Amino acid sequence: MSLISLGTASVAYASAADKTANILVLGDSISAGYGFDPALGWVTLLSKQIPETYTVVNASVSGETSAGGLNRLPALLAEHQPSIVIIELGGNDGLRGYPVNSLRKNLQALINLSIEAGAQPLLLGMKIPPNYGKRYTEAFAASYAKIAKANDLPWVDFFLDNIATNSSLMQSDGIHPNADAQTLIVQKVLPALTPLLN
């Protein structure tokens, strides 16, 4: 299996012969596999759906914000030298009510750093519950489309679409997808990722 999981998850390395390029996943609890075995998470499942010549590095951390990811990204880029960076951040910014302008600024900085390092960014869009107010939730969700279009980037518009509103696919907190939802997340991410693979 071509997967490197940073943090508390198990670590599996591709052989030297197979390893030709790294895909870095920079995310929060949704990508870190919060609430179940990370080996069942979408990042691990995705690594099994792409050519073995790629190693997927899961640098996701539960509770991570866009600012936190921005602080960590330079070191991750230097260490892993990825050809693709999947950016799955912003959900915690929204849940904490952080300014939308700050989110956009951080997402843009994440994209800039990735491109400067020679990596192709792939942006995963997010939405937050409606109880945060229509004005804020709409501005938050629109941030991803605006950033993706401004940078002509591949992106996924709300990668939890038809998952977040299905209680059978969500954990009891109503925020995190459960293990049953992970294959559905892969089905949303893989079509956007595939054209980027050499």
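In short, a report on the structure. In this text the structure is predicted, and so the values were computed from the model without any measurement.

## Structural notes on the nonpolar core
Counting residues in hydrophobic clusters, the biggest one holds 55 residues, and the most contacted among them are Ile23, Trp42, Ile86 and Leu193. The element contributing the most residues to this core is helix α7 (residues 182-193), with six residues. Other than its neighbours up to four places away in sequence, Trp42 contacts Val25, Ile30, Ser31, Ile86, Leu124, Gln182, Ile185, Val186 and Val189.

## Considering unusual backbone geometry
Although it is not a glycine, Asp152 sits at a positive phi angle of roughly 55 degrees. Considering the arrangement of structural elements, one finds Asp152 in the loop between α6 (134-151) and β6 (155-156). For Asp152, a relative accessible area of 71% translates into the label exposed. Despite not being glycine, Phe158 has its phi angle at roughly 50 degrees, a positive value. Relative to the elements of secondary structure, Phe158 occurs in the loop between β6 and α7.

## Re the pattern of salt bridges
Counted by the stated rule, this structure contains one salt bridge. The residue Glu64 makes a salt bridge to Arg72 at a minimum N-O spacing of 2.6 Å. A relative accessible area of 10% means that Glu64 is categorised as buried. Taking the relative accessible area as the measure of exposure, Arg72 reaches 24% and is therefore partly exposed.

## Considering the environment of Pro51
For Pro51, the position within the fold is in the loop between α2 (42-47) and β3 (54-58). Expressed as a C-alpha distance, the spacing of Pro51 and Thr194, which sit 143 residues apart in the sequence, is 9.8 Å.

## Details of the environment of Phe158
Using a relative accessible area of 12% as the deciding quantity, one classes Phe158 as buried. Between the alpha carbons of Phe158 and Gly125 there is a distance of 4.3 Å; along the sequence they are 33 residues apart.

## Digging into α6
When the terminal C-alpha atoms of α6 are compared, their 26 Å separation across 18 residues agrees well with the 26 Å that a helix rising 1.5 Å per residue should span. In the structure, α6 departs most strongly from a straight axis at Ala142, where the bend amounts to approximately 25 degrees. Where α6 is concerned, the buried positions are Tyr136, Thr137, Phe140, Ala141, Ser143, Tyr144, Ala145, Ile147 and Ala148.

## Some words on the packing of helix α5 (residues 100-116) against α6
Look at α5 against α6: their axes get within 10 Å of each other, and the N-to-C directions meet at 25 degrees. Classified by the angle their axes make, α5 and α6 are roughly parallel. The interaxial crossing formed by α5 with α6 has right-handed handedness. Here α5 contributes Val100, Leu103, Arg104, Leu107, Gln108 and Ile111 to the contact with α6, which in turn contributes Tyr136, Ala139, Phe140, Ser143, Tyr144, Lys146, Ile147 and Asn151. Residue classes in the contact of α5 with α6 are distributed as nine nonpolar, three polar and two charged.

## Remarks on the packing of aromatic side chains
The way to describe two aromatic rings as a pair is by their centre distance and the angle between their planes. By the definition in use, this model includes two aromatic pairs. Ring geometry for Phe140 versus Tyr144: centroids 5.7 Å apart, planes at 70 degrees, classification edge-to-face. Of the two residues, Phe140 and Tyr144 are both situated in helix α6; the distance of four residues between them amounts to about one turn of the helix.

## Some thoughts on the side chain of Asn106
Tracing the backbone through its elements, the reader meets Asn106 in helix α5. For Asn106, a relative accessible area of 13% puts it in the buried group. Those residues in contact with Asn106 that lie beyond four places of it in its chain are Ser66, Ala67, Leu70 and Asp93.

Conventions used here
- Residues numbered from 1 in each chain as written.
- Predicted model: local features only at pLDDT ≥ 70, side-chain atom pairs only at ≥ 80, totals over all residues.
- Heavy atoms only, no water.
- Core = buried A, V, L, I, M, F, W, Y, C linked by side-chain atoms within 4.5 Å.
- Buried < 20%, exposed > 50% of the residue type's maximum accessible area, 1.4 Å probe, protein only.
- Helix = DSSP H or I, 4+ residues; strand = E, 2+ residues; numbered from the N terminus.
- Contact = heavy atoms within 4.5 Å.
- Salt bridge = Lys/Arg side-chain N within 4 Å of Asp/Glu carboxyl O.
- Expected span 1.5 Å × (residues − 1).
- Bend = angle between axes of the 7 residues up to and from the residue.
- Axes fitted to C-alpha atoms, helices over the stretch in contact; angles between N-to-C directions.
- Parallel < 35°, antiparallel > 145°, perpendicular 65-115°, else oblique.
- Left-handed = near helix turned anticlockwise from the far one by under 90°.
- Nonpolar A, V, L, I, M, F, W, Y, C, P; charged D, E, K, R; others polar.
- Phe/Tyr/Trp six-rings, centres within 6.5 Å; stacked < 30°, edge-to-face > 60°.

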